[in-house]
Amino acid sequence: MDLSQTYRSSELGITSNGGLYNYDSYQTLPAFMIGFRCGNEFKVLPQVATTYRSVQPELIKDYVNDFKGGVQLEGVQSSGVFKSDDVLLTVNKQRVLNLMQVYDALAKIDGISAEVEFIRNKKVLKTEVLLQDNISSFKNLNENLIIDYCNAENIESWNIDKCLKKTSQKLVL
């Protein structure tokens, strides 16, 4: 998250004939916040969006009571509750302004669902969504990799010895 700020300071300059004058100088001091989490520490919204974008308060001021932004979903992967360009306002009744706040709100949920408030087509909507956890996502990903790589018809027909044999044959070639 970019937390950089620009500061203005008054500087003293010297003219070519030796006179003095004041001018404003602007300096941007970089400041970035980076957060790390283990993947299994938080739940995710269904239809995980591939891209999130913070939305400035000016763009949604007509839909909220505060002067805060939101989180726009871009590239939603499947059909369901969310659509591309939906703007998340609250998750589990917690106001969200960036992706880390979405994850924080989801991490505090004990149950399997969350109340989400978002903007779509110039309307504020509220809905309850079932959450996904990363563990099941990784399990599904692993199962799909095994099925593809080991040429198994399904995960039940997978056999580690046959897969290792096929793997060693692929490596030799």
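First, a word on what this report is: a plain description of the structure on this page. (Residues numbered from 1 in each chain as written. Predicted model: local features only at pLDDT ≥ 70, side-chain atom pairs only at ≥ 80, totals over all residues. Heavy atoms only, no water.)

Some details on the overall build of the protein
A tally of regular secondary structure across the protein gives four helices and 10 strands. Put simply, the protein runs from its N terminus to its C terminus through helices and strands in the order β-β-β-β-α-β-β-β-α-β-β-β-α-α. Buried positions account for 26% of the 173 residues belonging to the protein. Pairs at least 24 apart in sequence give 48% of the contacts found in the protein among residues at least 6 apart. Counting every atom, the protein has about 12200 Å² of accessible surface; 52% of that belongs to carbon and sulfur. (Helix = DSSP H or I, 4+ residues; strand = E, 2+ residues; numbered from the N terminus. Buried < 20%, exposed > 50% of the residue type's maximum accessible area, 1.4 Å probe, protein only. Contact = heavy atoms within 4.5 Å. Areas by Shrake-Rupley, 256 points an atom, 1.4 Å probe, with all protein chains shown as cover.)

Quick word on the pairing of strand β1 (residues 5-14)
When β1 meets strand β2 (residues 20-29), the two strands line up antiparallel, connected through 10 bridges. Looking across to β2, one finds that E11 is bridged to Y23. Joining the antiparallel neighbours β1 and β2 is a turn of five residues, in which G18 adopts a positive phi near 95°. (Pairing = 2+ DSSP bridges.)

Things to note about the pattern of salt bridges
For the structure shown, the criterion picks out five salt bridges. With a shortest N-O distance of 3.9 Å, D62 and K61 are connected by a salt bridge. In this structure D62 comes out as exposed when scored by relative accessible area, which is 66%. A salt bridge links D66 to R95, with the nearest nitrogen and oxygen atoms 2.9 Å apart. Of this pair, D66 sits in the loop between α1 (57-60) and β5 (70-76) while R95 sits in strand β7 (residues 94-95), and the two are 29 residues apart along the sequence. (Salt bridge = Lys/Arg side-chain N within 4 Å of Asp/Glu carboxyl O.)

Describing the side chain of T90
Relative to the elements of secondary structure, T90 occurs in strand β6 (residues 87-91). Other than its neighbours up to four places away in sequence, T90 contacts R95, V96, E115, V116 and E117.

Description of helix α2 (residues 99-107)
What α2 keeps buried is the set V102, Y103, A105 and L106. Taken down its axis, α2 places every buried residue within 160° of arc, on the same side. Buried residues along α2 sit against β3 (43-44), β5, β6, β7 and β8 (113-120). Its side-chain oxygen placed 3.1 Å from the backbone nitrogen of M100, N98 serves as the N-cap of α2. (Arc of directions from axis to C-beta. Polar contact = N/O pair within 3.5 Å; in protein donor to acceptor, adjacent residues only side chain to side chain.)

Let's talk about the environment of D24
Examined against the element boundaries, D24 turns out to sit in strand β2. A sequence separation of 14 residues divides D24 from S10, and the C-alpha atoms of the two residues are 4.6 Å apart. Those residues in contact with D24 that lie beyond four places of it in its chain are R8, S9 and S10.

Description of the environment of S113
Along the polypeptide, S113 turns up in strand β8. On the basis of relative accessible area, S113 is assigned to the partly exposed category, the value being 24%. Once the C-alpha coordinates of S113 and K43 are considered, the two residues, 70 residues apart in sequence, prove to be 9.8 Å apart. With residues up to four places along the chain from it excluded, the contact list for S113 reads E128, V129, L130 and L131. For S113, the side chain forms a polar contact with the side chain of E128, separated by 2.8 Å.

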